[in-house]
Amino acid sequence: PVIVAMAGTAVAGFMAFVHRHESSLLPEGGCCNYISTVLTGEDWRGRGVCSGLYDYMLFRLDRSLRTPWLMTRTWSSNHGHIKVLEKYGFNVLRQLTDDRGPGIDTLYFYRRDTLSQLAES
């Protein structure tokens, strides 16, 4: 699935995710919605597009698409994305040192989807 952020007729950004991705990295194992791609157009950066995409994923996503966990990854130098993840209560799950080059780590983040219980009832 893909969530698209529109600004009039322009695409301001998008978020793609893998529904019901199985991951042994999660504290309880099991499935998650793995956010594989988050992209904000250059002209739209710093204007809340990324936050809007996470807001949609966390609070407005169709109940049938919810899973117990959300997971994503980014690089350690992507301070804007990390700030958004921390704002929404994501925590670092794993750090792969120098994975993207010297001094640039890959960071896996996760968060429990507290609304997923609604989908199960």
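All figures in this text were calculated on a predicted structure; none of them were measured in a lab.

(A) A look at the overall build of the protein chain. Helix and strand content of the protein chain: three helices and six strands. When the helices and strands of the protein chain are placed in sequence order, the string is β-β-β-α-β-α-β-β-α. Expressed along its principal axes, the backbone C-alpha trace of the protein chain runs to roughly 40 × 40 × 20 Å. Out of the 121 residues in the protein chain, the part that is buried amounts to 40%. Restricting to contacts in the protein chain with at least 6 residues of sequence separation, those with at least 24 account for 57%.

(B) Quick peek at the pattern of salt bridges. A full pass over the atoms with the stated rule returns two salt bridges. Here arginine 60 ties to aspartate 55 by a salt bridge, and the two come within 2.7 Å at their closest N and O atoms.

(C) Region of the structure containing the state of the cysteines. Going through the model one piece at a time under the given rule, you end up with zero disulfides. Cysteine 32 forms no disulfide, and the closest cysteine sulfur to it belongs to cysteine 31, at a distance of 7.1 Å.

(D) Structural context of the pairing of strand β3 (residues 31-40). Across eight bridges, the pairing between strand β2 (residues 10-22) and β3 is antiparallel. Across the sheet, residue phenylalanine 14 finds its bridge partner in β3, namely leucine 39. Relative to strand β4 (residues 69-75), β3 runs parallel, the two being bridged by four bridges. Residue pairing for β4: asparagine 33 is matched across the bridge by leucine 70. A crossover links β3 with its parallel partner β4, the connecting element being helix α1 (residues 49-60), and its sense is right-handed.

About the cut-offs
- Residues numbered from 1 in each chain as written.
- Predicted model: local features only at pLDDT ≥ 70, side-chain atom pairs only at ≥ 80, totals over all residues.
- Heavy atoms only, no water.
- Helix = DSSP H or I, 4+ residues; strand = E, 2+ residues; numbered from the N terminus.
- Buried < 20%, exposed > 50% of the residue type's maximum accessible area, 1.4 Å probe, protein only.
- Contact = heavy atoms within 4.5 Å.
- Salt bridge = Lys/Arg side-chain N within 4 Å of Asp/Glu carboxyl O.
- Disulfide = S-S within 2.5 Å.
- Pairing = 2+ DSSP bridges.
- Right-handed = clockwise from strand over helix to strand, strands pointing away.

These figures capture arrangement, not role.
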